[in-house]
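Below are the chains, spelled out letter by letter.
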Amino acid sequence: HRHHDVLIIGGGSGGIALAASLLKRQPDLDVAIVEPAEHHFYQPAWTLVGAGEYDVKKTKRQMHAVIPAKAKWIKAAVTRFQPEQNTVICATGEVLTYQQLVVAPGLALLWDSIPGLVETLGKNGVTSNYRADLAPYTWECVQNLQSGVALFTQPMVPIKCAGAPQKALYLSADHWQKNNRLNRMHIEFHNAGGALFSVADFIPNLTKQMQAYNAQVNLGSNLVAVDGAAKKAWFERKNADGQIERIEKSFDMLHVVPPQKPHAFVKDSPLSNADGWVEVDNATLQHPRFSNVFGLGDAMSAPNSKTTAAIRKQVVVLAENLLALRDNRPLPMAYDGYSACPITVGNGKLILAEFGYNGVLMPTFGNDPTTPHASGWYMKKYLFPRVYWHLMLKGHEILARPKRTK
Ligand code: FAD
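Residues numbered from 1 in each chain as written. Predicted model: local features only at pLDDT ≥ 70, side-chain atom pairs only at ≥ 80, totals over all residues. Heavy atoms only, no water.

1. Re the domain arrangement of the chain
When its domains are assigned, the chain resolves into domain 1 (2–107 + 262–336 + 381–394) and domain 2 (111–260). On a C-alpha basis, the centres of domain 1 and domain 2 stand 31 Å from each other. Each side of the interface is counted separately: domain 1 has 14 residues, and domain 2 has 16 residues. Where domain 1 touches domain 2, the interface holds zero salt bridges. Where domain 1 touches domain 2, the interface holds three residue pairs in polar contact (both at pLDDT 80 or more). In terms of residue count, the dominant contributor to the side of domain 1 that touches domain 2 is helix α2 (residues 46–49) (three residues). The residue inventory of the side of domain 1 that touches domain 2, partitioned by class, reads seven nonpolar, five polar and two charged. (Domains from an automatic or database assignment. Contact = heavy atoms within 4.5 Å. Salt bridge = Lys/Arg side-chain N within 4 Å of Asp/Glu carboxyl O. Polar contact = N/O pair within 3.5 Å; in protein donor to acceptor, adjacent residues only side chain to side chain. Helix = DSSP H or I, 4+ residues; strand = E, 2+ residues; numbered from the N terminus. Nonpolar A, V, L, I, M, F, W, Y, C, P; charged D, E, K, R; others polar.)

As structure tokens, then:
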């Protein structure tokens, strides 16, 4: 079997940024990344792709081009964790051992869990910005639709970028408004959860945006089935008596965000918590039972909002703590739950929702964080992708250094 000092599972936003950060701090560290995919994606720009504002090709890079030169790439999928033996098993049967393990394989998108959905994705007006190959179709649908019913769905949280389901609605509606078509549209937002956003301070302005686009907001309404050819979708919601009722809706366009869960190989491992996420201490990101294991990004249990922006901060905490552990020093850093969700409420307008654990607002910039600004749009479209590729994935810390607690 192969052995590495630090084994990172997943070469997504978290895995690559952490490998780069560790190697910047300690260039001779033996770091390997286990990752089966040929390509790495900058997913936050898919929302802009769905609005015709970003070239999808620019969101995709070869995996070998983003893996740091000093890190080893093991091109395989992990199927099992055996933390008692400091071992992971790959689908190829290969056995890998480690001194420290970082688990960052993201989460699973459950497209299959909605009957009828997979067959119709990419046709019949059914689309999703949650896949690179489908985001351009969102823009095609938005441009082609002259009038009719447009439905936008959101599953139960936690999901990655919890603002993205409504971003798709705002940007589509904005296009129809600018082309004098909004009055011929009937727009509905169906959110399986009970609130428009997880942090209450942002809800009033988001509600105003929904009203400005004449969009009907349905909370507690969960997409359960689709018939693309018939252009029908079914939702379940609890009625006043607490009974679950099924509601049929006809649509001309349907933007779906799929239910999201921990990967099965994480959930069914000794590393998971009761909900199936990689269990971590919310502050140190260290596993509570296996001290040489850490969790990072969408895959882990901390109750932050799952975003790349959150990972930008987690990486610094994790890199410092992991290296301290290797030196038998106390873990020096604590993650405060920081996350940022740039909510595109219209083309050229954005609410940069930045917050930490328990919904505490954590604005980086001075202006009122709950109101839309043009500056945020330009940051999202031009600045953030550059920060991602050139700084975050290279191990630099831009506005990223969390406070030392010890
Ligand atoms: P990922 O980046 O998803 O990477 C996981 C990696 O693990 C993948 O490369 C995968 O191939 C690999 N993997 C999977 N299974 C295995 C296995 N068995 N073995 C080994 N490797 C495996 N974030 C923001 O900050 N701002 C935004 O505006 C924003 N908007 C978004 C909009 C959309 C439409 C989407 C989809 C996401 C958005 N996000 C946004 C969220 C952000 O993209 C994710 O939070 C982030 O990519 C998570 O990083 P990760 O490393 O945890 O997982």
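2. Side note on the packing of aromatic side chains
According to the stated counting rule, one finds 11 aromatic pairs in the structure shown. Aromatic side chains Phe-202 and Phe-355 sit 6.3 Å apart centroid to centroid with 55 degrees between the ring planes, which places their arrangement in the tilted category. One end of the pair, Phe-202, is in the loop between β12 (185–191) and α7 (203–212); the other, Phe-355, is in strand β21 (residues 349–355), and 153 residues separate them in sequence. Ring geometry for Tyr-335 against Tyr-357: centres 5.7 Å apart, planes inclined by 75 degrees, an arrangement best described as edge-to-face. (Phe/Tyr/Trp six-rings, centres within 6.5 Å; stacked < 30°, edge-to-face > 60°.)

3. Thoughts on the environment of Val-317
Tracing the chain through its elements places Val-317 in helix α9 (residues 308–326). Expressed as a C-alpha distance, the spacing of Val-317 and Pro-363, which sit 46 residues apart in the sequence, is 19 Å.

4. Observations regarding the site of the ligand
Near the ligand, the surroundings consist of 37 residues, among which Gly-14, Glu-35, Asp-298, Thr-308 and Ala-309 are the closest. Here an oxygen atom of the ligand and a backbone polar atom of Ser-13 are 3.2 Å apart. Here an oxygen atom of the ligand sits 2.6 Å away from a polar atom, N or O, in the side chain of Glu-35. Considering the ligand on its own, with 1,000 Å² of exposed area, one finds that the protein chains cover 91% of that surface. (Near = heavy atom within 4 Å. Areas by Shrake-Rupley, 256 points an atom, 1.4 Å probe, with all protein chains shown as cover.)

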